[in-house]
Amino acid sequence: MKAEKLLIVEGLSDKKRIQKVLSEQVAIICTNGTVSSYRMEELLYPFEGYDLYVFMDADDSGDKLRQLFIREYPEAIHLYTERLYGQVEKTPLRKIAEILLRADFKVHPEFLLY
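Right, let's walk through the structure included here. (Residues numbered from 1 in each chain as written. Predicted model: local features only at pLDDT ≥ 70, side-chain atom pairs only at ≥ 80, totals over all residues. Heavy atoms only, no water.)

**Here we look at the pattern of salt bridges**
Evaluation of the coordinates by the stated rule reveals seven salt bridges. Ionic pairing is found between Glu42 and Arg39, a salt bridge with its closest N-O pair at 3.2 Å. Taken together, the residues Glu42 and Arg39, both in helix α2 (residues 37–44) and three residues apart, mark about one turn of the helix. For Glu42, a relative accessible area of 39% puts it in the partly exposed group. Looking at Arg39, the relative accessible area reads 39%, which means it is partly exposed. With its nearest N and O atoms 3.4 Å apart, the salt bridge here joins Lys95 to Glu98. Taken together, the residues span about one helical turn, with Lys95 and Glu98 both in helix α4 (residues 93–102) at a distance of three residues. (Salt bridge = Lys/Arg side-chain N within 4 Å of Asp/Glu carboxyl O. Helix = DSSP H or I, 4+ residues; strand = E, 2+ residues; numbered from the N terminus. Buried < 20%, exposed > 50% of the residue type's maximum accessible area, 1.4 Å probe, protein only.)

If you want it as structure tokens, here you go:
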């Protein structure tokens, strides 16, 4: 059986935007800003064995959180929005769908139409 996927995002608006695009059930956790490595361990504990994906904003706070994940969870797969958009919540749905599709997530096909 394939491991389940866990997607880590910064805020609730990021989570809602990504859920619109996904066509599969994926556990999504919001960090709600800066977190310590201890708090992150608490958040992730119930998802041990899941494939871990990190999708943070392309800004200073997102970069700091991403560095925490790189240090504490080197196995995590990092997804990136473009600096042009800055935040996941401001990234066009089509672009989010492309990013998720490249990471082997299932997305609603209507978000891939140009």
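**Focus on the pairing of strand β2 (residues 27–30)**
Bridge count between strand β1 (residues 5–9) and β2: four bridges; the pairing is parallel. Pairing of Leu6 across the sheet is with Ala27, part of β2. Since β1 and β2 lie parallel, the crossover through helix α1 (residues 12–21) that links them has a hand, and here it is right-handed. (Pairing = 2+ DSSP bridges. Right-handed = clockwise from strand over helix to strand, strands pointing away.)

**Describing the sheet that holds β2**
Strand order in the open sheet made by the four strands is β2-β1-β3-β4, with parallel pairing throughout. In the strand order of this sheet, the two ends are held by β2 and β4 (77–80), each with one partner. Each neighbouring strand pair of the sheet contributes to a mean axis angle of 25 degrees, computed without reference to strand direction. Inspection of the sheet shows strand β3 (residues 51–56) paired to β4 by four bridges, in the parallel sense. Bridging across to β4, Val54 finds its partner in His78. (Axes fitted to C-alpha atoms, helices over the stretch in contact; angles between N-to-C directions.)

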